[in-house]
Amino acid sequence: MKLWLSILAVSAANWLMKAAGPLIFGKRDLPPALVDITRLTAPALLAGLIVTDLGRDIDWTELVGVAVAGGLNLLRLPILPAVAAGVATTALIRLASA
């Protein structure tokens, strides 16, 4: 439960950081390097949270869910639907294997 609360908090902080750029810079465009770094912040933080939560007990269903979310994010799907698809994939695999 703590993991998902942390994920929600990090997601909210990431969205606020992304919103701060246009508010600070106004109508000026951000440099492309900064846009790329900002785009990759949420997936990197999410992966870090999940990996640290796994600890010694590696659940292969979680790994598949993270892989699905990461793959969809690489295909330029926004992070929230990508994470939702990863969660749904993990839940479906757990239901099928139960």
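Structure: see above.
Conventions we followed
- All residue numbers here refer to positions counted from 1 along the written sequence of the relevant chain.
- Under the rules for a predicted model, residues below a pLDDT of 70 receive no local features and side-chain atom pairs below 80 are neither given nor counted, while totals for whole chains, interfaces and linings still include all residues.
- Hydrogen atoms and water are omitted, and side-chain values are computed over all heavy atoms in the structure.
- Any carboxyl oxygen of Asp or Glu within 4 Å of a side-chain nitrogen of Lys or Arg constitutes a salt bridge here.
- Numbering of helices and strands starts at the N terminus; helices are DSSP runs of H or I of at least 4 residues and strands are runs of E of at least 2.
- Burial classes follow relative accessibility: with a 1.4 Å probe on protein chains only, a residue under 20% of its type's maximum area counts as buried, one over 50% as exposed, and anything between as partly exposed.
- Residue contacts follow a heavy-atom distance rule, with two residues in contact if any of their heavy atoms lie within 4.5 Å.
- Fitted lines through C-alpha atoms give the axes, limited to the stretch in contact for helices. The angle between two N-to-C directions lies from 0 to 180 degrees.
- Under this scheme an angle from 65 to 115 degrees is roughly perpendicular, one under 35 degrees roughly parallel, and one over 145 degrees roughly antiparallel; angles in between are oblique.
- Handedness of a crossing is defined here by the sense of rotation of the near helix relative to the far one, left-handed for an anticlockwise turn of less than a right angle and right-handed for a clockwise turn.
- Three categories are distinguished: nonpolar for Ala, Val, Leu, Ile, Met, Phe, Trp, Tyr, Cys and Pro, charged for Asp, Glu, Lys and Arg, and polar for the others, with Gly belonging to the last.
- Among buried residues, the Ala, Val, Leu, Ile, Met, Phe, Trp, Tyr and Cys ones that are joined through side-chain atoms within 4.5 Å form a nonpolar core.

## Some remarks on the pattern of salt bridges
Within the structure shown, the criterion is met by 1 salt bridge. With a shortest N-O distance of 3.3 Å, E62 and R94 are connected by a salt bridge. Of this pair, E62 sits in helix α3 (residues 60–74) while R94 is found in helix α4 (residues 79–97), placing the two residues 32 residues apart along the sequence. Here R94 falls in the partly exposed class, since its relative accessible area comes to 37%.

## Here's the deal with the side chain of T90
Position of T90 relative to the elements: it lies in helix α4. With relative accessibility at 11%, the residue T90 sits in the buried group. If sequence neighbours within four positions are ignored, T90 has contacts with T61, E62 and G65.

## Focus on the packing of α3 against α4
Contact geometry for α3 and α4: axes closest at 8 Å, N-to-C directions at 150 degrees. Relative to α4, α3 is oriented roughly antiparallel. Considering the relative orientation of α3 and α4, their crossing is right-handed. Residues W60, T61, E62, V64, G65, V68, A69, L72 and N73 of α3 pack against I79, A82, V83, A85, G86, T89, T90, I93 and R94 of α4. A class-by-class count of the residues in the contact of α3 with α4 yields 10 nonpolar, 6 polar and 2 charged.

## Comments concerning the nonpolar core
Ranked by size, the top nonpolar core spans 7 residues in total: L3, I7, A42, L46, I50, I79 and V83. Residue assignment for this core shows that the elements contributing at least two residues are α1 (2–25), α2 (32–54) and α4. For this core, the element with the highest residue contribution is α2, accounting for 3 residues. Among all residues touching A42, those that are not within four sequence positions of it are N14 and I79.

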